Amino acid sequence: AVHYVHEPYVEFPPARPTADLLYAICEYGSQRLRYPRGYFPRSGFSHLRRRGKALDRLESWYAGCCAAGLMAKTTTQATQTTLCCAEQAWKQALTMFCADEYATKTAAFFCCEERDEAMWTCFNSDPANPQYSPSEWYTAPVQPRERGFTFSRSEC
């Protein structure tokens, strides 16, 4: 077990996907932190555990979005498809995170109190890893694909 002097580090919240970030989102996915079982102490830190779960979910869904973009016929179409999918995944992961936050007896993450575009703006106002940079020393463990997200091309 890992013993912490301070809180375990969680790169939350994630930056909102943009066309400029797609390369990093897709290329460095396996080099961004994951939060598997055992990362957090057995007790406490439930608020960080929920954040880690949201990030793991999002990274899994981003991998699917990046694969969907690879099947596009043109570079422009690939960018548009991947970005639309990544944006949907980001919103869905954060919506699920907020639902998890409200299912506890503790205070919810402050951005969850906002609605619609104000909530997305809040989450993107101070992202922990704004450029989706890789951790040079880290390779993510293989984790099962997260369920709960279906890319809707008709919403693009």
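Report on the accompanying structure. (Residues numbered from 1 in each chain as written. Predicted model: local features only at pLDDT ≥ 70, side-chain atom pairs only at ≥ 80, totals over all residues. Heavy atoms only, no water.)

If you add up the space inside the largest pocket, you get close to 360 Å³. Every residue lining the largest pocket is counted, 17 residues in all, and those nearest its centre are Tyr35, Pro36, Arg37, Phe40 and Arg49. A volume near 310 Å³ is recorded for the second largest pocket. What lines the second largest pocket is a set of 19 residues, among which Gly29, Arg34, Glu59, Ser60 and Ala63 lie closest to the centre. Residue assignment for the lining of the second largest pocket shows that the elements contributing at least two residues are helix H1 (22-27) and helix H2 (46-70). For the lining of the second largest pocket, the element with the most residues is H2, which contributes six residues. Looking at the lining of the second largest pocket residue by residue, the class counts come to nine nonpolar, four polar and six charged. (1 Å grid on protein atoms, 1.4 Å probe; cavity = no way out; pocket = protein on both sides within 12 Å on 5 of 7 lines; lining within 4 Å. Points joined across faces, edges and corners; volume = space filled by probe spheres on them. Helix = DSSP H or I, 4+ residues; strand = E, 2+ residues; numbered from the N terminus. Nonpolar A, V, L, I, M, F, W, Y, C, P; charged D, E, K, R; others polar.)

Moving on to empty space enclosed by the protein. Across all of its chains, the model carries one cavity of 30 Å³ or more by this definition. Of the voids in this model, the largest cavity is the one considered here, and its volume is about 90 Å³. Contributing to the lining of the largest cavity are Glu11, Pro14, Arg32, Leu33, Tyr35, Leu55, Glu59, Asn129 and Tyr132. Class assignment for the residues of the lining of the largest cavity results in five nonpolar, one polar and three charged.

This part takes up the packing of helix H3 (residues 75-102) against helix H4 (residues 116-124). It is at 11 Å that the axes of H3 and H4 come closest, and there the two elements cross at 95°. Taken together, the axes of H3 and H4 are roughly perpendicular relative to one another. In contact with Trp90, Lys91, Leu94, Thr95, Phe97 and Cys98 of H3, H4 contributes Met119, Trp120, Phe123 and Asn124. Partitioned by chemical class, the residues of the contact of H3 with H4 number seven nonpolar, two polar and one charged. (Axes fitted to C-alpha atoms, helices over the stretch in contact; angles between N-to-C directions. Parallel < 35°, antiparallel > 145°, perpendicular 65-115°, else oblique. Contact = heavy atoms within 4.5 Å.)

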